[in-house]
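# Remarks on the overall topology
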Amino acid sequence: QVQLLESGGGLVQAGGSLKLSCATSGYILSFDVRAWYRQVPGKQRELVAMVSKDGSTKYGDSVKGRFTISRDNAKDAVDLQMNSLTVEDTAVYYCYSRMWPRGSTGYKDYWGQGAQVTVSS
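Please read all numbers here as calculations on a predicted model, not as lab measurements. (Residues numbered from 1 in each chain as written. Predicted model: local features only at pLDDT ≥ 70, side-chain atom pairs only at ≥ 80, totals over all residues. Heavy atoms only, no water.)

### A word on the state of the cysteines
Tallying each qualifying case throughout the model produces 1 disulfide. Note on cysteine connectivity: Cys22 is disulfide-linked to Cys95, with sulfurs 2.1 Å apart. On the sign convention where negative means left-handed, the S-S torsion of about -85° between Cys22 and Cys95 marks this disulfide as left-handed. Placement of Cys22 in strand β3 (residues 18–25) and of Cys95 in strand β9 (residues 91–101) is noted, with a sequence separation of 73 residues between them. Look at Cys22 and you get buried, because its relative accessible area is 0%. (Disulfide = S-S within 2.5 Å. Helix = DSSP H or I, 4+ residues; strand = E, 2+ residues; numbered from the N terminus. Buried < 20%, exposed > 50% of the residue type's maximum accessible area, 1.4 Å probe, protein only.)

Below, the structure written as C-alpha cells:
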C-alpha cells in the first residue's frame, strides 16, 4: 500500500530549526510534484514549499529565505529544512506527492497524516 510517512515534527523555541522528512512506502514508478503544506485550526491549508520533477522550487512568501525543500531521490523522500522558526510557523505540516505507483494507470495525489510543529516564544 502506498503511503507518505512524515517524521521530524516537535517543539522548538523561536529562532530554532527543525527538519521534516517524508518517506514513501510502496513501489513508485515515477514522482511528479512533491510539496509541504501546513494548516492551523480555522484556516485553509497553505503551500509552504514545492519541488517539481525538474527540480525547480517554489516557496510561500512567509517562509522564503528560511525554509528549504529538497528531494532525496535515492530514498524516495522529500525533506523540509526549517530555520529561524517563529511562533507563526506553528501548524500541522502535511507532505504531498503526486506520484505513479506500480499498478496504477497514472499519476495520483497522496497526502501524509500530518506532523505537528510547535514553536514557543
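Read on for the rest.
### Quick notes on the sheet that holds β3
Taken in spatial order, the 4 strands make up an open sheet running β1-β3-β8-β7, and their pairing is antiparallel. Since the sheet does not close on itself, it has two edges, and those belong to β1 (3–7) and β7 (67–72), each with one partner. Taking each pair of neighbouring strands and ignoring which way they run, the sheet shows an average axis angle of 15°. Bridging between β7 and strand β8 (residues 77–82) involves 6 bridges; their strand directions are antiparallel. Bridged to Asp72 within β8 is Ala77. (Pairing = 2+ DSSP bridges. Axes fitted to C-alpha atoms, helices over the stretch in contact; angles between N-to-C directions.)

### Brief notes about the environment of Gln116
Looking at where Gln116 falls in the secondary structure, it is placed in strand β11 (residues 115–120). Considering only alpha carbons, one finds Gln116 and Leu18, 98 residues apart in sequence, at a separation of 11 Å. When neighbours within four sequence positions are excluded, Gln116 is seen to be in contact with Gly9, Gly10, Thr90, Ala91 and Val92. At a separation of 3.4 Å, a polar atom in the side chain of Gln116 contacts the main-chain carbonyl oxygen of Ala91. A polar contact of 3.2 Å, which involves the side chain of Gln116, links it to the side chain of Thr118. (Contact = heavy atoms within 4.5 Å. Polar contact = N/O pair within 3.5 Å; in protein donor to acceptor, adjacent residues only side chain to side chain.)

### Observations regarding the packing of aromatic side chains
On inspection of all chains with the given rule, the structure shows 4 aromatic pairs. On the numbers, 5.1 Å between centres and 50° between planes, the contact of Tyr96 with Trp111 is tilted. Taken as a pair, Tyr96 in strand β9 and Trp111 in strand β10 (residues 108–111) lie far apart in primary sequence, 15 residues in all. The exposure class of Tyr96 is buried, given its relative accessible area of 12%. What links up through ring pairs into an aromatic cluster is the set Tyr37, Tyr96 and Trp111. (Phe/Tyr/Trp six-rings, centres within 6.5 Å; stacked < 30°, edge-to-face > 60°.)

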